[in-house]
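Overview (structure and organization)
Letter by letter, the chains look like this.
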Amino acid sequence: MLAMKLTVVLLLTTCIETNAGGYARPPVRLPPPPVNIRGAVSDSATEKPLSGVTIQVKGAATGTTTDATGKFELSVPDNAVLLVSFLGYNKKEIPVNGRTHLTIYLSPSATGLDQLVVVGYSTKRQSELSSSVAVVNEKQLRGITTPDIGTMLQGKVPGLVVSNSRGRPGNNTDIVIRGVGSIGAGHAPLYVVDGMIGGSVDPNNIASVTILKDAAATGLYGSRAANGVIVITTKSGQSGKTRISYNGSFGLTRRQRGNIRMMNSAELYAMQGEGYRNYYDEQVAAGDPAFTGTEFDDYLESVLPSALMNTRTDWQSLLSRTGYVNSHQLAVSGGNEKTTFYVSGNYYRELGTMLSTDYQRMDLRVNLKHRISDQFTLYTRISAGGDKSPNDPLTGQEGEMSQFYNNMPWDSAFEADGVTPYNPLKAGSHWIGNAKSNYFYNIRHQNDITRNGHLNADLQLDIKLADWISFSTKNRIGFSGYDHTQLLDKYHQLASTVNGQITQDYSYHSAFLTSNLLNLEHSFGNHNLSGILGEEYSYSRNSNTLAVGKDIPVGLSALNAAGSPKSISGNKTETGFLSYFAEADYNYLHRYFLVGSARRDASSLFGANNRWASFYSIGASWIASNEQFLSRQTWIDLLKLRFSYGTTGNANISPYLSLGTYAFSQNSTYDAISGAWPARVPNPDLTWEKGYTTNIGLEFAILKRFNLEVDLYNRTNKDLLQNVPLSAASGFSGQQRNVGSVRNRGIDVSFTSTNLNGKLRWETMLNVNVNRNKVLALNGHEDIASGNMRIREGLPLRYFYMKQWAGVDPQTGNPLWVRWEDKDGNIINGADKKDPVEVSTTGNYNEASNLFIRSAYPDFTGGIRNDLYYGNFSLSVLCNFVAGQSIYFSARERRDADGNSLNQNQMKLQKGWVRWEKPGDIATHPKLLAGGTASNSTSSRYLEDAGYFRIQNIRLGYSIPHVYRFSDFNVYLSIDNLAVFTPFSGDDPDVDMESPVISQNSDNSTYTTNQKIMIGLNITL
């Protein structure tokens, strides 16, 4: 009864409201019934189905993912909007509009998150990697004009340190990936060209370079990958229209002047005059009778005639010049559906800025691909090339680079006629310089050329056995060698005592490699599996012959023209590797990834008891941004976590070190019968050096504009390969053993951003590496002396050990060094492993302590690149930087010698340097004293901060549209090594950190990296 009354009241109320307002209340709308839709998602370019794609209802929590065939099923309102997203592809919004079946195509995004990356023996999407890799594509390689791949990579990859320590045209750079972990087995990375270990390539033919840095990435190369792997993929042809491309450039080069400036004639005379003045005053004060009654001016004229200033030879101007670079590449590519081809020829010449440098190189590459049938595909790759360059037969202080700095401005390069070169060794010579060497005289009596050549041929056959299994066999045969011929006539200073000399040095290398892979790939549901089973064998042979003849007539250049032999030597070596390996990849929903590899290797380099070794790696990653709970965060393009751990090996040693060998020489010949003596103690237990690497990585990309990648790594190298000293009683100096451990740990950071993306596009790429090196264990915990450095447990591998400079005594102007003492006043050195009781200074160099000073390694390294695009214009600026590295500038011991080296030119004082002149002066340099003191002896005085910031390349390009039939017509202006900012007092601080010493010897003096101003043209028809 009550319910009925309430119903009547509600009806009346509704009627009253309706009549009062004049309008009827709208009916309550119920939500439409859900629609069951089915659909499929595919790649817009390949039309291949995409599994693991997230399908989300906009504004709701409802969603699903596609299965292994790219299909999905979902119940949604008929007016729903679907958000479709997948890593590496552009997101889409799809209105349902009552449809029950949807066909969706996703287009790859421009972020490169899903680009194909060549790693190990396979190719993977960037998003699928669980390892730390860096990819440098063809576009990013452009800029620097050089035939060296290392120079092209400098400053572009975090954790990859490139040292252009020599700079001489034709010299290769030194590359270190994530620090050095070996003492005696090198630090060079393993190179892989087109999927096979070794090979050669011209940079103009490179499509991409992939740097593999952690164990998961290098796993399948584990036996030789302890120093990292650089994978190079060369260009290939594409089906369609035949394309003809030309890439040419020409430019001038000039010597990059650093901070060092040498004195001219008058400046050197004034400096030496002051040194003689101080010496004169000391002798007079000491009552030396030889100076009694002698005026200083008369004394000075007798030891340093003022007439010397009449000769003003500028050796730096005479020995250097404006050089040039001339580079050309012509390539033809194309093909049809069955056959594609790429053919390229390259020519490069660099006339160096030093008179003795002239590098020429030619390369040819042919890449062919032929699809025999749906099951068989054949690849053929051929590369050949050669180069030549002159050498300086003189080393030490006599070489050209040493003459450039050290020759005295008072020594004439030519006779009075200005044409005939002056002979410093002739009878009655007035040559003052310590090195009796004049480049202009020597060059007329020498011919010294090195020629290198190589030929590699690859044959690859791929067989598709089924949809999920294929087989590939790759085979390479390679040949290389060099020919070094040196002719010195009887007037040359090195051959005058043997009446002329000819040297011929030949080396020949041949290699064979076969790599056979079984590739498997299968998906079921949302599970995706792939794997590799492989076998690999390589064999190489080297031979060398060196013959030196003497008594050769002037004008003849054949070895058989020598009147008598001086020396003959030669050797042959063989090396073999045999490997079996496997790798398995698994992912679920393209969100969760797992990869593992195992490898078993044998090498003839190691002892009979330990020839085989095993290596393994495991990696995992999670793409969190593919999870449904993040799929609605449209501003997140990628959020990925990675982890890997594994072992790698190092076999970079000479052959036969595990064997007890004998040595032969002419000195062991008896009665015309060859003789030999034991040269090495056998070690049948010698085995691989191993690295154990852990890597944790984060990848984060947002707003399709910003990408951040951070990797934390720890690599410990154990069982280091090194020569261990033996007791003299054994009759041998040392034995090759596995002993010691070195650790490298650090962080790689890479950040890219699109700062502007309108009519003006501006992109920035920044990378930084911080690496900390530490020696963990040595043989018997004993230090290893290494020149001006010392290897000790607990310190970085390269640590300077010498006397510590304490400055200049303000009262006397004399040099001071640090002295450590024990409680009894006895001297303590750093090698004694004792703490001092007393630390003082001493003016006696021989009473100063030898101490551990500081590490040679930098605090951090990196590079930054900015690319700007406006219309048809492009501008690229590449810089690289190093902070905190130290160099021992050994050459300053003679060039900045405080009066000690009177027969060598001297450096000018630089900004911040002060010479002591009177009591109370606070100075960096002791007083000048003719004949000197010990102030220029080896000490931390010449140990310098060599950090730098280099503007490595600036390139301005313009693409001219619609030129005849050209699809691409680009002209550019490029400047290499525009400027270097550094406190280092020498020319160039870019040195090899494993040998961070610049001495005055010509083979160690830095050939400064040249500045190049280039104009170039890239066209494609």
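Residues numbered from 1 in each chain as written. Predicted model: local features only at pLDDT ≥ 70, side-chain atom pairs only at ≥ 80, totals over all residues. Heavy atoms only, no water.

Short version of the rule: UniProt positions are given in the numbering used here, feature names are shortened, and annotations may be inferred rather than shown by experiment.
If you check an unreviewed UniProt entry, the protein chain appears there as TonB-dependent receptor from Compostibacter hankyongensis. In UniProt, the protein chain has this text filed under Subcellular location (unreviewed entry): "Cell outer membrane". Of the protein chain, the UniProt comment under Sequence similarities (unreviewed entry) reads exactly: "Belongs to the TonB-dependent receptor family."

Some thoughts on the sheet that holds strand E4 (residues 71–77)
The condition is simple: For two strands to pair, DSSP has to find at least two bridges joining them. Segments assigned H or I by DSSP are reported as helices when at least four residues long, segments assigned E as strands when at least two residues long, and all are numbered from the N terminus. Axis lines are fitted to C-alpha atoms, over the contacting stretch for helices. Their N-to-C directions set the angle, which ranges from 0 to 180 degrees.
As summarised here, the arrangement of the three strands in space is E4-E1-E7, forming an open sheet in which the pairing is mixed. Each edge of the open sheet carries a strand with a single partner, namely E4 and strand E7 (101–106). Neighbour-to-neighbour, the strand axes of this sheet turn through a mean angle of 30°, independent of strand direction. Relative to E7, strand E1 (residues 34–43) runs parallel, the two sharing six bridges. Bridge pairing in E7 links Ala 40 to Thr 103.

Quick notes on the pattern of salt bridges
Stated formally: By convention in these notes, a salt bridge is any Lys or Arg side-chain nitrogen within 4 Å of a carboxyl oxygen on Asp or Glu. The cut-offs for exposure are 20% and 50% of the maximum accessible area for each residue type, with area from a 1.4 Å probe on protein chains only; residues under the lower value are buried, those over the upper are exposed, and the others partly exposed.
This model, assessed by the stated rule, comprises 43 salt bridges. The salt bridge involving Glu 536 is made with Arg 599; its shortest N-O contact spans 3.6 Å. Linking Glu 536 in strand E25 (residues 527–550) with Arg 599 in strand E27 (residues 592–603), this pair joins segments that are 63 residues apart in sequence. No difference in accessibility class separates Glu 536 from Arg 599, as the two residues are buried. In this structure, Asp 637 engages Lys 704 in a salt bridge whose closest nitrogen and oxygen atoms are separated by 3.8 Å. Here Lys 704 lies in the loop between strand E32 (689–702) and strand E33 (706–718) and Asp 637 lies in strand E29 (residues 636–650), a separation of 67 residues in the sequence. Here the residues in one salt-bridge network are Arg 892, Asp 896, Asp 898, Arg 915, Arg 941 and Glu 944, joined through shared partners.

Considerations on the packing of helix H5 (residues 265–285) against helix H6 (residues 296–303)
Defined as follows: Orientation categories follow fixed angle ranges, with anything under 35 degrees roughly parallel, anything over 145 roughly antiparallel, 65 to 115 roughly perpendicular, and all other angles oblique. By definition, turning the near helix anticlockwise from the far helix through less than a right angle yields a left-handed crossing, and turning it clockwise yields a right-handed one. It only takes one pair of heavy atoms within 4.5 Å for two residues to be counted as in contact. By the convention adopted, Pro, Cys, Tyr, Trp, Phe, Met, Ile, Leu, Val and Ala count as nonpolar, Lys, Arg, Asp and Glu as charged, and the other residues, Gly among them, as polar.
As a packed pair, H5 and H6 sit with axes 10 Å apart at the nearest point and diverge in direction by 125°. The angle between the axes of H5 and H6 places the two elements in the oblique class. Considering only the axes of H5 and H6, their crossing is right-handed. Along the contact surface, H5 presents Tyr 269, Gly 273, Tyr 276, Arg 277, Tyr 279 and Tyr 280, while H6 presents Phe 296, Tyr 299, Leu 300, Glu 301 and Val 303. Partitioned by chemical class, the residues of the contact of H5 with H6 number eight nonpolar, one polar and two charged.

Focus on the pairing of E33
Note: E32 against E33, 13 bridges, orientation antiparallel. Within E33, the position partnered with Thr 693 by the bridge is Arg 715. Where E32 folds back on E33, the antiparallel hairpin that results is connected by three residues, among which Leu 703 adopts a positive phi of roughly 55°. In this sheet, strand E36 (residues 741–757) lies alongside E33 in antiparallel orientation, the contact comprising 13 bridges. Note on E36: the bridge partner recorded for Lys 718 is Ser 741.

Things to note about the packing of aromatic side chains
Selection rule: Between 30 and 60 degrees the pair is tilted, below 30 it is stacked and above 60 it is edge-to-face, where a pair is any two Phe, Tyr or Trp rings, Trp via its six-membered ring, whose centres lie within 6.5 Å.
What the rule picks out here adds up to 36 aromatic pairs. Their ring planes at 20° and their centres at 6.0 Å tell us that Tyr 422 and Trp 431 sit as a pair that is stacked. The class for Trp 431 is buried, based on a relative accessible area of 7%. When the ring of Tyr 801 is compared with that of Phe 852, the centres are 4.8 Å apart and the planes differ by 55°; the resulting orientation is tilted.

Remarks on the side chain of Ser 538
Following the sequence through the fold, Ser 538 ends up in strand E25. For Ser 538, a relative accessible area of 13% translates into the label buried. The contact partners of Ser 538, leaving out residues within four places of it in the chain, are Arg 224, Phe 512, Leu 513, Thr 575, Gly 576 and Phe 577.

Some remarks on the sheet that holds strand E2 (residues 54–57)
Pairing is antiparallel across the open sheet formed by four strands, whose spatial order is E3-E2-E5-E6. Of all the strands in the sheet, just strand E3 (63–65) and strand E6 (92–95) have a single pairing partner and so form its edges. Taken pair by pair, the neighbouring strands of this sheet meet at an average axis angle of 20°, ignoring direction.

A few points about a negative patch on the surface
Applied cut-off: Only residues whose relative accessible area exceeds 30% and that take part in no salt bridge are eligible for patches, with like-charged residues grouped when within 9 Å of each other and nonpolar side chains (Val, Leu, Ile, Met, Phe, Trp, Tyr) grouped when within 5 Å. The accessible surface values rely on the Shrake-Rupley method and a 1.4 Å probe; as for residues, cover is taken only from the protein chains in view. When charges are counted, neither His nor the chain ends are considered; positive counts come from Lys and Arg and negative counts from Asp and Glu. Lysine's charge is taken at NZ, arginine's at CZ, aspartate's at CG and glutamate's at CD.
Together, Glu 295, Asp 297, Asp 298 and Glu 301 line one region of the surface with negative charge. In this structure, Asp 297 sits in helix H6.

Brief notes about unusual backbone geometry
One non-glycine residue, His 590, adopts positive backbone phi at about 55°. Mapping His 590 onto the fold places it in the loop between strand E26 (564–588) and E27. Since its relative accessible area comes to 11%, His 590 is described here as buried. Positive phi outside glycine occurs at His 962, with the angle close to 55°. Residue placement: His 962 occurs in the loop between strand E50 (948–959) and strand E51 (968–981).

A word on a nonpolar patch on the surface
A cluster of nonpolar side chains, Phe 250, Leu 252, Leu 756, Leu 760, Trp 762, Tyr 870, Phe 873, Leu 875, Leu 956, Leu 973, Ile 1013 and Ile 1015, forms an exposed patch at the surface whose accessible area comes to about 1,100 Å². Elements represented by at least two residues in the nonpolar patch include exactly strand E17 (240–255), strand E37 (760–777), strand E47 (873–883) and strand E52 (1010–1020). Examined against the element boundaries, Leu 756 turns out to sit in strand E36.

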